[in-house]
Amino acid sequence: MDMGYLAGIDLGTSSVKVLIMDPDGRTLAVSSRGYDVMTPKMSYAEQEPQVWWDCTVMAIREAMEKSGIRPEELDGIGLSGQMHGLVAFDRNNEPVMPAIIWMDQRSAKETALIKELAGDLLETELLNQPGMMICSLLWLKRHRPDVYDRIAHVMLPKDYIRYRLTGTIGSDFSDACATLAFSVKGRCWCMELIRRAGLKEDIWPQVGESSQAAGHVWAEAAARTGLSGHTRVVYGAGDSSAQLTGNGVIEEGIMACNIGTASQLAAVVDRPLYDTQMRLQTWCHTVADRWYVQGGALNGGSTLSWLKKKVLRDGRSYGELDAEAGQAPAGAEGLLFIPYLAGERTPFMDPYAKGIYFGMGMKHEQAHIIRATMEGVIFNLKECALVLDEMGIQRTKMIASGGAAKGVTWKQIQADILEMPVYTTKTEEEACQGAAILAAVGCGMYRDIKEACSRIVKINDCPVEPVTEHVKRYREQQALFRELYLKVKDLYPRLKTE
């Protein structure tokens, strides 16, 4: 086997991370640089692509220095990045404005119009929401025609970094499919929807497989980063599918539960299945003949962070809070938490929703509140899992990741509510490792992604098993969770939140 090294670059919303590893998955170095989200007006969320690149350059240089390898020893680079956002270039390949990222809400009216225009196409595409590329692009056409008229190319955030590394413009299936301008089933740009929206037809980039080589580091990037022109750069993936790849979640029947700031539940399928009620999203995976159906919730570890910092004002670690939650019994003695502090997407699509503690009594202590908060996040994900069941999607094994994969109590709650053994991997930076795996395949170190994952991804042997009496208790509470939300949902819009 080629004994060169690999890098995975993950362009997140708050920072860029660079990981360098060997072909067996041993991490040599990790480096990161942070940046801010700009909010020049209410509901806007923008970032400067040049800032992304400057931070990436610094992170690459630091990671290379930490790793101790020579530039010519780095055989491949893979990319992962925040999804949905719009980077627009003019004819000189310069950004026409700051990137409009996934958090942006200005295109709410355009999103509704896209849904109306899509009509019968919508089921073959995606759950739509403001901040997706086609919605932001239509907003520019309607409100900033001076900017829109200058657009010659569009791409997603991580594609901008690959452009700066290689000088080539393109995207990959797993990221392009989340723009709403792409046919998930046909794995191509949905020109019919683009025409219905009256958008330019010649600005959409060519699309390649995630592990396909897009080019080599060109001279301009080599001068900035210290990298070598020998290094091959692959197309990469959206962070969601890169993270799944980094955890080895690429086969049908495997489900992933990731709880970071937000939370996601995803199941891999071998054909593009759709939830007819549009409660879940269906996206292309990094593997050519795989898709995944995902519930992407806005609320996850952020609820525990809110409780820790703003309510308890507790200086202890999350591990200590997890241990305290373990002192309360499963079900928190009747205390139930609706976790919609930031509104919610899947499965209820309710921007007005808020958080609720229900059933609180004199017997409840801090441990009950912490546990109920954690349970509420998983109850919401169980609602997504029930939709997967309705769709007939197999889920025989689950991999947990994110902060909740580290907590003993968190993992037990996941096993008990989702009624599945919970496995974890030894992976620390899942999206970075997923991107590096794609580079390993693109460099010919492995025949395909499956072989690379089997060699690189290390799964911990002992899963956390469901406890029978907990499962029974949680099934009762799940029904109460759903009924409580449905009974109060019409009250949310009447709340005065300003």
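None of the values given here were measured: they were computed from a predicted structure.

Asks: Help me out: how do you make sense of the pairing of strand β19 (residues 291–297) in this one?
Replies: Looking along a regular strand, one sees side chains alternate from face to face of the sheet. Extensive coverage of β19 is indicated by the burial of seven of its seven residues. On β19, burial covers both faces: W291, V293, G295 and A297 on one face and Y292, Q294 and G296 on the other are all buried. In this sheet, β19 lies alongside strand β17 (residues 263–269) in antiparallel orientation, the contact comprising seven bridges. Residue pairing in the sheet places V268 in a bridge with Y292 of β19. Sheet topology places strand β18 (residues 281–284) next to β19; four bridges connect them, and they run antiparallel. Looking at β19, one finds that C284 is bridged to W291.

Asks: Is there a simple way to think about the packing of helix α11 (residues 318–325) against helix α13 (residues 408–418) in this case?
Replies: In helix packing, the relevant descriptors are the interaxial angle and the interaxial distance, both defined with respect to the helix axes. Two elements in contact, α11 and α13, have axes separated by 7 Å at closest approach and are oriented at 55°. Accordingly, the angle class assigned to the pair α11 and α13 is oblique. Together, D322, A323 and A325 of α11 and V408, T409 and W410 of α13 make up the contact between the two elements. When its residues are assigned to classes, the contact of α11 with α13 shows four nonpolar, one polar and one charged.

Asks: When you look at the packing of helix α2 (residues 108–118) against helix α3 (residues 133–143) in this model, what are you seeing that I'm missing?
Replies: Contact geometry for α2 and α3: axes closest at 9 Å, N-to-C directions at 110°. Between α2 and α3, the angle falls in the class roughly perpendicular. The way α2 lies across α3 gives a crossing that is right-handed. Where α2 abuts α3, its residues E110, T111, L113 and I114 lie against I134, C135, L138, W139, R142 and H143.

Parameters at a glance
- Residues numbered from 1 in each chain as written.
- Predicted model: local features only at pLDDT ≥ 70, side-chain atom pairs only at ≥ 80, totals over all residues.
- Heavy atoms only, no water.
- Buried < 20%, exposed > 50% of the residue type's maximum accessible area, 1.4 Å probe, protein only.
- Helix = DSSP H or I, 4+ residues; strand = E, 2+ residues; numbered from the N terminus.
- Pairing = 2+ DSSP bridges.
- Axes fitted to C-alpha atoms, helices over the stretch in contact; angles between N-to-C directions.
- Parallel < 35°, antiparallel > 145°, perpendicular 65-115°, else oblique.
- Contact = heavy atoms within 4.5 Å.
- Nonpolar A, V, L, I, M, F, W, Y, C, P; charged D, E, K, R; others polar.
- Left-handed = near helix turned anticlockwise from the far one by under 90°.

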